[in-house]
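Results of the structural survey
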Amino acid sequence: MKTVIRVGMSTCGLAAGAQATYRALAAAIHSRGLPVTLQATGCVGACHREPLVEVAQNGASILYGPVTPAEVNALLDLHFGAATPSPASDWLVSRHADRRDYPFLGKQVKVTTQLCGVIDPHSLDDYLAHDGYQALRQALTMTPGQVIQAVKDARLRGRGGAGFPTGVKWEIGHRQPGARKFLICNADEGDPGAFMDRTMIEGDPHRLLEGMLIAAHAIGASRGYIYIRAEYPLAVKALHEAIDQGRRYGVIGQNILGSGLDFDFVIKEGAGAFVCGEETALMRSIEGFRGMPTMRPPYPSEHGLWGAPTNINNVETYASVPSILLNGPGWYSGMGTARSGGTKAFALAGAIQNSGLVEIPIGLTLREMIYDIGGGCRDGKAFKAVQLGGPSGGCIPAELLDTRIDYEDLRATGAIMGSGGMIVADETTCMVDIARYFLTFTQDESCGKCIPCRVGTRKLLNTLTAITQGRATQADVDKLAGLCNTIHKASLCGLGQTAPNPVLTTMRYFGHEYRAHVEEHVCPAGSCTFNGNTIDRG
Amino acid sequence: MLERIFVLPSQQRNVTMASKNGTLPPKHVYRGDPLAEPPPPELAAILAPHRGEPDALITALEEIQRHYGYLGKNHLQYVARELGFPLARVFGVATFYNLFRFAPPGKYQVRVCRGTACHVNHSDEILHALSDHLGVGVDETTPDNRFTLQVVACMGACSLAPVVVVNEETLGRMTADKAWAALEHLGEEGEDA
């Protein structure tokens, strides 16, 4: 059997130098005349060890990383050399196909990301060889009602963070009268610190398309918009390519697979506005206007794009559907908790040892996530907090690490599940500064339509900035809570309503840091500057 | 002064009468036309496929910026005239989104990621250092047109934080010194750019 060598070439891999490693491998394989197929794949998730190289030979699969161009020859010697050097090199990641010797990968349960880093994302044949479009074929033999029931039974909930039951949403869409219905995929991954959608699309673009096609059949939609950030050029390219391949293969366009279903895709590149992750603003942006939210109800399912019923889900939600149909709703719901089934992908980053894309069954605890999978904090520093949900989410302290990763349990802490951004902060991160950082972001991204958000976030930011500069008093801190409450209750859309979350959670769990700033003019983490005296970070 | 700010009743009456007589052009048609010439062929080629598409505005602006590197005043005017959008809407949309820029960028667009993972890994220090070295602030271009310094909300390469992007190339695990070392000799004489 021919040996296959795979190099992870997603944005993250390329940033780590995968291009040079790939070139060096190609040259070495050519000059040695080795019987090897060299493949450029997506990211297997272990971004902290990139550039990653997988060698699949004689039924075994060994993962190496980071592999620099200079190490390519040594790596090939291991597998093709006459002498076998010691395999205990420090770039060996895992020597078992199931990765049980590498907890970061071995502890994960991959559903939506199962083919990322395994297949060549540019090859439809590769996807087809891994059951690609089998779920669509199966769905087309079912009635829309049966498909919706399967999604309901799987207890799949919106992976964008709000957690609305997907099957219920699809049923509302299905019930809407008229033939003019749209699907939207929200791939406007605007949360700073989140890269699940990018990894999934770059690594396995057809899975998203297949999920949307199944949704189109269930709801009766004729066109799907994929709204994706322009900051993800590789993902945009991968989608265009996949759609062209799908058209030629007959799963996109008129009379799909002879079923009578007509469906086509339009890719809309977002032009960099965080508020466009909000569904009504996103629709305005697709229509070619400024992305400003509108009141709900009416909800998009009834009155969406150009007034037509529109079903909006995020990338992960759609990408979960093919596996649900293939393996059965019971298999999927069996993985989660009583209230939500399945798996959730997280972008684990920040001051963490093992950063990367992680997919876990819902219900795992944060501690398992951060210590067993993430390996704890980098450089032996002490863990301080984990931030979930980006600017809409909150910070969870060490004493709550046994919280289960589940929509309701996380909400009880004041944070949210969010779309999957999970940033770890260690002892050198000032929590007041983190709140200020997020408010800088939301204040900048507020569209300005409603006053509580436009003015309120500015007031919050001013106060937080004053605190981090030692110019504030306890009275200012006391006012924050009331201001947060007003912004939360009076803002028009999710951006404003959730903007206070980073402030509220840091005040709740790290109140002593706020007090230290205003009373003693000391930043416990040593990162804030007071009156020109920089406290050395050490 | 008042006259400049408010429409006086006499003028208002004229407007009403004119529109009743049908002499005012339809509300949503671009009127002011300082452009005597038709659009240059390259711009016309970008705009042509979008004619008559109600949702084409952002896509058209993105394509123009991809081609020219920025959106000039006359580009916006041509978009309004050729695609039939009010100029105010074209300008409003272009200024709403962070992606669009209105001045030609330098040869190298240096974007420092300000995402959360980059922030907790001290990307602000990189930004300050580059700003000092280049002598320009955010969204400014060096006088020799070599570098434009920008920030970006998140590049989605968080596991390699902090990240700096130079044109299309993403540099991971940066420090202030490494970032400047990567930039310092870019585009100097004798180097292949």
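Computed from a predicted model, the values in this text were never measured in an experiment.

Here's the deal with the confidence of the model for chain A
This prediction gives chain A a mean pLDDT of 93; 97% of its residues lie at or above 70. Note on residues 532-538 of chain A: pLDDT under 50 across the span, and 8 contacts to partners over four residues away in sequence or across chains.

Side note on the packing of helix 17 (residues 431-445) of chain A against helix 18 (residues 451-468) of chain A
Residues and elements named next belong to chain A. Across the interface, helix 17 lies against helix 18 with an axial gap of 9 Å and an inter-helix angle of 150°. In terms of axis orientation, helix 17 runs roughly antiparallel to helix 18. The chirality of how helix 17 crosses helix 18 is left-handed. Of the residues in helix 18, those in contact with V432, D433, A435, R436, L439, T440, T442 and Q443 of helix 17 are T457, R458, L460, L461, L464, T465, I467 and T468.

Digging into the interface of chain B and chain A
Contacts between the two partners involve 34 residues from chain B and, on the opposite side, 42 residues from chain A. Elements supplying a minimum of two residues to the side of chain B that touches chain A: helix 4 (57-68), helix 6 (87-96), helix 7 (116-120) and strand 5 (169-171) of chain B. In terms of residue class, the side of chain B that touches chain A is built from 21 nonpolar, 9 polar and 4 charged.

Focus on the domain arrangement of chain B
Partitioning chain B into structural domains gives domain 1 (25-96) and domain 2 (108-184). The C-alpha-based centres of domain 1 of chain B and domain 2 of chain B are spaced at 32 Å.

Describing the sheet that holds strand 5 of chain B
Residue and element names in this part refer to chain B. One open sheet holds the 5 strands; their spatial order is 2-3-1-4-5, and the pairing between them is mixed. On the outer flanks of this sheet lie strand 2 (140-141) and strand 5, each paired with one strand and no other. Against the sheet, helix 8 (residues 123-134) engages strand 1 (108-113), strand 3 (147-152) and strand 4 (164-166), with an angle of about 150° to strand 1. Strands in contact with helix 9 (residues 176-184) are strand 1, strand 3, strand 4 and strand 5; relative to strand 4, the strand with the most contacts, it is inclined by about 5°.

Observations regarding the sheet that holds strand 11 (residues 356-361) of chain A
Residue and element names in this part refer to chain A. One open sheet accounts for 5 strands, arranged 11-10-14-12-13; its pairing is mixed. The strands lining the two open edges of the sheet, one partner per strand, are strand 11 and strand 13 (394-397). The mean inter-strand angle of the sheet, taken between neighbouring strand axes irrespective of direction, is 30°. The sheet contacts of helix 15 (residues 366-373) involve strand 11, strand 12 (383-388), strand 13 and strand 14 (421-426), and relative to strand 12 the element is tilted by about 115°.

Conventions adopted
Residues numbered from 1 in each chain as written. Chains lettered and ligands numbered in written order. Predicted model: local features only at pLDDT ≥ 70, side-chain atom pairs only at ≥ 80, totals over all residues. pLDDT = per-residue confidence, 0-100. Contact = placed C-beta atoms within 7 Å. Axes fitted to C-alpha atoms, helices over the stretch in contact; angles between N-to-C directions. Helix = DSSP H or I, 4+ residues; strand = E, 2+ residues; numbered from the N terminus. Parallel < 35°, antiparallel > 145°, perpendicular 65-115°, else oblique. Left-handed = near helix turned anticlockwise from the far one by under 90°. Nonpolar A, V, L, I, M, F, W, Y, C, P; charged D, E, K, R; others polar. Domains from an automatic or database assignment. Pairing = 2+ DSSP bridges.

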